[in-house]
Amino acid sequence: MSDGLDIQPFFCRVGTKKKVSKQLASMIPPNYKLYVEPFVGGGAMFVELYGRADKYVINDLDTDLIQGWKLLKKKGVGLSPFLDEKHSLEEYNKFYNKT
């Protein structure tokens, strides 16, 4: 991670990219305006790439998982800068004035 956050993905999910996240991250540009993670899952790539983009959109079809992310955003000790990001298509559209 480029901003010094020392955090691990907190949800164990099938299909995790935790073991390959550094290798995958090396193939992605170092800076960009928007990071969109349509299936955030445990967040391995989100955590690895955090700090490279100006804005972030994370989402997942698993509503229980998203509730977990929202709970961490609300109650997580020391995680608020990390989790204070966009979490829906609605927020994405607001950011790009598409509503």
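This text goes with the structure placed above it.
Quantities reported herein were computed from a predicted structural model and do not represent experimental measurements. (Residues numbered from 1 in each chain as written. Predicted model: local features only at pLDDT ≥ 70, side-chain atom pairs only at ≥ 80, totals over all residues. Heavy atoms only, no water.)

Asker: Help me out: how do you make sense of the environment of Val47 in this one?
Answerer: Looking at the element boundaries, Val47 is found in helix α2 (residues 44-49). Residue Val47 is classed as buried on the basis of its relative accessible area, which comes to 3%. Separated by 26 residues in sequence, Val47 and Ser21 have C-alpha atoms that sit 9.0 Å apart. (Helix = DSSP H or I, 4+ residues; strand = E, 2+ residues; numbered from the N terminus. Buried < 20%, exposed > 50% of the residue type's maximum accessible area, 1.4 Å probe, protein only.)

Asker: Help me understand the packing of aromatic side chains in this model?
Answerer: Any aromatic ring pair is given by two values, namely how distant the centres are and how the planes are angled relative to each other. Scanning the entire structure with this criterion turns up 6 aromatic pairs. Ring plane angle 20 degrees and centroid distance 6.2 Å describe the contact between Tyr35 and Phe46, whose orientation is recorded as stacked. You can see Tyr35 sitting in strand β1 (residues 32-37) and its partner Phe46 sitting in helix α2, a full 11 residues away along the chain. For Tyr35, a relative accessible area of 9% translates into the label buried. Their ring planes at 75 degrees and their centres at 5.7 Å tell us that Phe46 and Tyr56 sit as a pair that is edge-to-face. (Phe/Tyr/Trp six-rings, centres within 6.5 Å; stacked < 30°, edge-to-face > 60°.)

Asker: So what exactly am I meant to see when it comes to the pattern of salt bridges here?
Answerer: Any two side chains of opposite charge can pair, given that their charged atoms come close. Overall, the coordinates contain 1 salt bridge when judged by the stated rule. We note a salt bridge from Lys22 to Glu48, for which the minimum N-O separation is 3.4 Å. Of this pair, Lys22 sits in helix α1 (residues 21-25) while Glu48 sits in helix α2, and the two are 26 residues apart along the sequence. Under the relative-accessibility criterion, Glu48 is labelled buried at 13%. (Salt bridge = Lys/Arg side-chain N within 4 Å of Asp/Glu carboxyl O.)

Asker: Explanation requested: the nonpolar core in the structure shown.
Answerer: Side chains that are nonpolar tend, in soluble globular proteins, to be buried together. Residues Tyr35, Val40, Phe46, Leu49, Tyr56 and Trp69 are the most contacted members of the largest nonpolar core, which totals 14 residues. Elements supplying a minimum of two residues to this core: β1, α2, β2 (53-58) and α3 (63-75). (Core = buried A, V, L, I, M, F, W, Y, C linked by side-chain atoms within 4.5 Å.)

Asker: For this particular structure, what's the right way to read the side chain of Arg52?
Answerer: Tracing the backbone shows Arg52 in the loop between α2 and β2. At 3.3 Å, the side chain of Arg52 and the backbone oxygen of Pro29 are in polar contact. (Polar contact = N/O pair within 3.5 Å; in protein donor to acceptor, adjacent residues only side chain to side chain.)

Asker: So what exactly am I meant to see when it comes to the side chain of Glu37 here?
Answerer: In this fold, Glu37 is placed in strand β1. On the accessibility criterion, Glu37 (13% relative accessible area) is buried. Side chain to side chain, Glu37 and Tyr35 meet in a polar contact 2.2 Å long. What Glu37 contacts, discounting residues up to four positions off in sequence, is Met45, Phe46, Val57, Ile58 and Asn59. (Contact = heavy atoms within 4.5 Å.)

Asker: Any chance you could explain the pairing of β2 here in plain terms?
Answerer: Two faces belong to every sheet, and in a regular strand the side chains alternate between them. In the sheet, β1 pairs with β2 via 5 bridges, with the strands oriented parallel. In the strand pairing of β2, Tyr35 is matched with Tyr56. Read as a crossover between parallel neighbours, the route from β1 over α2 to β2 is right-handed. (Pairing = 2+ DSSP bridges. Right-handed = clockwise from strand over helix to strand, strands pointing away.)

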